[in-house]
Each structure stands twice: as C-alpha cells, then as structure tokens.
Amino acid sequence: MSWENTNVLITGGLGFIGSTLAHDLAELDASVTLLDAKLEDYGANPANVDTIRDNVTIVEADLRDVKDVAPYVTQSDVVFHLAAQLSRTVSNENPATDAEINCQGFLNVLSVAKSATDSPRIVFTSSQAVVGRPASLPFDETTQAAPLDVYGANKRAGELYCNLYYESHGVPTVAVRLTNVYGPRAQLSNPNYGVINNFIAAALRDETLTVFEPGTMKRDFVYVRDITRGLRCLGFEQRAVGERYTLGTGDATTIYDLAEAIVDTAGSGSVKLVPWPDDWESIQVGDLRSDPSKMCDHFDWEPETDLTEGLVETIDYYRDNLEAYL
Ligand SMILES: NC(=O)c1ccc[n+]([C@@H]2O[C@H](COP(=O)([O-])OP(=O)(O)OC[C@H]3O[C@@H](n4cnc5c(N)ncnc54)[C@H](O)[C@@H]3O)[C@@H](O)[C@H]2O)c1
C-alpha cells in the first residue's frame, strides 16, 4: 500500500495515538498535517513529534470552531479523527464539554467533509466504552451499545454520525472500536488517562501501584503500533468504507497481573491491593475482551506485539525521554 503524497489530516495529532500514526505516515512519505488544540490536561505533547517536526505540518486549532478546521479537512484525502476528551470521569462531571468536543467537534469535521467537492475519507476512533457491560464476551463492532458513561454515549453518537454521513450524504466514513491502548507517547502525568498509564508512571517514580480489590478484572491491552497499523488499513483500503470494526488483541489480562508485569519490566515500584472508592463502582464494567476477527478477515490484520514485548518497548521509551512525560 502506498501513502506517498496522500494528504492526511490527523485531528488530535499531538496526542498519544495520533502522534504515533504521524510517525508511521511520515515514514511512508504521506503529506501529514496534525491539528490539535493543545488543551491543558489532555494528551497533547509537542515532544511526541520532536523527531518528525520537519516532516509534518502542525496546526493549533480547536475542532469546536468549524471555520478554523474547515480548510484542513477540505484539503485532505484522509482524515483520522482522533481528537477527543477521553476521561470517563470528566465526561460524567462535565457532560457539556464532552459533548462539545466529542459530538459537536466531530460534526464539524463531518459537515465540512460533506460540503467538500471531493469528500475526504473520515476514520473515526470509537471506543469499547460504547458497549458498557456486554451480555457476553468477546464484544465486537456488532455488540449492542449500552454505554455506562457520557464518554461512551458520545462515542456511540460518533458511530451513528458515521453511518448517517455515509448513507445519507455519501461521505466515506469508517468507525473503529478500540480497546485499552498502551505504548510510548501517552499522557502519564494526568491520573484521568487510564490505568496502564497511571501504573507506568507510578513504577517509573518507584511508587506503589494501587490495584482495586481483588484485581481480577480483565482488560484487553493492545500495543499502539498494532493500532496504528490497523488505522492505516482503515484509511486506505476501499473495503473499509461504510464499515465499523474492532481493534484489540482478543486476549485479556487481569489488572493485578498487568501491575506486576509493569513493576517487573521497570524494575521499580510495588503493587498493593486497596478497596474500591465508592464513586468508581457505578461506572465499572467488569471484564472486557474484544473480537477483532473482522479486521483479520478483511485485511489480514493481527496484533503482533504481546504485552511483555510491548511493555519493554514502552518503558524503555519513557526512561529515555523521562522529562518530557513525568
Ligand atoms: N488511548 C486509548 O486507550 C483509547 C481507547 C479507545 C479509544 N480511544 C480514542 O482514540 C483517540 C485518540 O486517543 P489518544 O489516547 O491518542 O488521546 P490523547 O488525549 O493522547 O489525544 C487526543 C488529542 O486530542 C486533542 N484535542 C482534544 N480536544 C480537542 C479539540 N477540541 N480540538 C482539537 N484537538 C483536541 C488533545 O489536545 C490531544 O492531543 C480518541 O478519540 C479516543 O477516544 C483511545
């Protein structure tokens, strides 16, 4: 597959997954623009693109302002729409902000794409949060949506916007549900950025990784390079247009085992079980494990990096670039 000279826009391009995708695409000689609002406490980190700064265009703009975003969407062949408010806790405490970014921001991208002479393909990153507590596992792109938080509800809205803009307006959209993604270039210093990032930060600081009792809850942790390889298929392959997919490993690891693996890999930190805080129980979803078969069937996509290897690469990266992340 060739990306050479393809005009690619990555919204949220200074964040974790967006910047990793930017590294891949810059290497493939795509013409890459990164659009990011650099909102405080979100995932944007200029250090994420230090080594490709001369090969990409960086635009500071907020998706909520359609006129600032329109020219970049219009000029693109493919838009990877990764910009988002990610915290489930923040989404419940401040639902309006989540809706402004995750719904209105996305609608701005889609409406510009609709009115463009040649609509760009839009790849939308949804989340396992849309399935809530599924009746059975593994879940996939057909699993009924039953979100337990505002973030999941708004990601579900994004999936439906994709259907609508494809079916009614001919915009070539693709949606993909992601599981728990980990790897280099994530936000480590904000406690709202997920369990794996909190654990890595604690281990690197030689602190205690607190696991809520009994620590047996399972999650499907997938390495970021496997995700960006999947996203590239979805941005390129004709078969993906109008479809929805799931990207995860199909495997699951307990939170306790994850904590132990991080401490072992880092050679620092320790693991402690603690009781659940009251306010977290209501949004807990139990075990989650994905079924990415449709990605395998359509594109021969399979996860290539196991958790052990992925954690070594991740922790090595942060150790080499510590001051940019902690
Ligand atoms: N990381 C995961 O485990 C995970 C899991 C499921 C889905 N996703 C989805 O993948 C996408 C990327 O996630 P990530 O982990 O890279 O997050 P991230 O926070 O690292 O990156 C998101 C970026 O979006 C930018 N942004 C936020 N609001 C914006 C706005 N209004 N205008 C412009 N830019 C804005 C932020 O500044 C940030 O750089 C998100 O859509 C997220 O919902 C991520």
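Starting from 1, residues in each chain are numbered consecutively following that chain's sequence as written. With the structure being a predicted model, the display of local features is reserved for residues of pLDDT at least 70 and the display and counting of side-chain atom pairs for 80 or more, all residues being used for whole-chain, interface and lining totals. With hydrogens and water stripped out, all remaining heavy atoms of the structure feed into the side-chain values.

What counts here: UniProt positions are given in the numbering used here, feature names are shortened, and annotations may be inferred rather than shown by experiment.
Looking at an unreviewed UniProt entry, the protein chain carries the name NAD-dependent epimerase/dehydratase family protein, with the source organism given as Halobacterium bonnevillei. We quote the UniProt Sequence similarities (unreviewed entry) comment for the protein chain here in full: "Belongs to the NAD(P)-dependent epimerase/dehydratase family."

Points about empty space enclosed by the protein
Quick reminder of the rule: Using only the protein atoms, space was sampled on a 1 Å grid; points where a 1.4 Å probe fits but cannot get out form cavities, open sets with protein on both sides within 12 Å along at least five of seven lines form pockets, and lining residues are those with an atom within 4 Å of a point. Grid points are joined across faces, edges and corners, and a volume is the space filled by probe spheres set on the points. Helix numbering and strand numbering both begin at the N terminus, where a helix is a DSSP run of H or I of at least 4 residues and a strand a DSSP run of E of at least 2. Basically, the charged four are Asp, Glu, Lys and Arg, the nonpolar ten are Ala, Val, Leu, Ile, Met, Phe, Trp, Tyr, Cys and Pro, and anything else, Gly included, counts as polar.
This structure, assessed with the given rule, holds two cavities of 30 Å³ or more. Looking at the largest cavity, its volume works out to about 40 Å³. In terms of lining residues, the largest cavity is bounded by His81, Ala83, Ala84, Ile101, Asn102, Phe124, Thr125 and Lys155. Secondary-structure elements contributing two or more residues to the lining of the largest cavity are helix H4 (95-115) and strand E5 (121-127). Residue composition of the lining of the largest cavity, by class: four nonpolar, three polar and one charged.

Describing the nonpolar core
The condition that has to hold: Joining through side-chain atoms within 4.5 Å is the link that ties buried Ala, Val, Leu, Ile, Met, Phe, Trp, Tyr and Cys residues into a set, and such a set is a nonpolar core. Residue burial is assigned from relative accessible area. The probe radius is 1.4 Å, only protein chains are included, and a residue is buried under 20% of its type maximum, exposed over 50%, and partly exposed in between. Note that domain bounds follow an automatic or database assignment of domains. Here, residues are in contact when the closest pair of their heavy atoms is within 4.5 Å.
Ile10, Ile17, Leu25, Phe80, Leu234 and Ile262 are the most contacted members of the largest nonpolar core, which has 63 residues in total. In terms of residues, this core owes the most to one element, helix H6 (residues 195-204), which gives seven residues. Two domains each donate at least three residues to this core, and these are domain 1 (7-179 + 224-249 + 290-305) and domain 2 (195-217 + 252-287 + 310-325). When near neighbours in sequence (up to four residues on either side) are disregarded, Leu25 contacts Trp3, Val8, Ile10, Ala30, Val32, Phe80 and Arg232. Grouped together as the second largest cluster of nonpolar side chains are 23 residues, Leu9, Phe106, Ile122 and Tyr165 included.

Observations regarding the site of the ligand
Note the threshold: Summary of the distance rule: residues count as near a molecule or strand when at least one heavy atom falls within 4 Å of that molecule or strand. Pairing of N or O atoms within 3.5 Å defines a polar contact, subject to two protein rules: one partner must be a possible hydrogen donor and the other a possible acceptor, and residues neighboring in sequence count only if both atoms are side-chain atoms. In this description, accessible areas are obtained by the Shrake-Rupley approach with a 1.4 Å probe, and a residue is regarded as covered only by the protein chains that are shown.
Contacts to the ligand come from 31 residues, most closely from Phe16, Ile17, Asp36, Tyr151 and Tyr193. Within the backbone of Gly43, one N or O atom sits 3.3 Å away from an oxygen atom of the ligand. Within the side chain of Thr125, one N or O atom sits 3.1 Å away from an oxygen atom of the ligand. Contact with the protein chains removes 96% of the 830 Å² of surface that the ligand exposes when unbound. For the shell around the ligand, the secondary structure elements donating two or more residues are helix H1 (16-27), E5, helix H5 (150-167) and strand E7 (180-182). Broken down by element, the shell around the ligand gets its largest block of residues, three residues, from E5. Residues of the shell around the ligand, tallied by class, amount to 18 nonpolar, eight polar and five charged.

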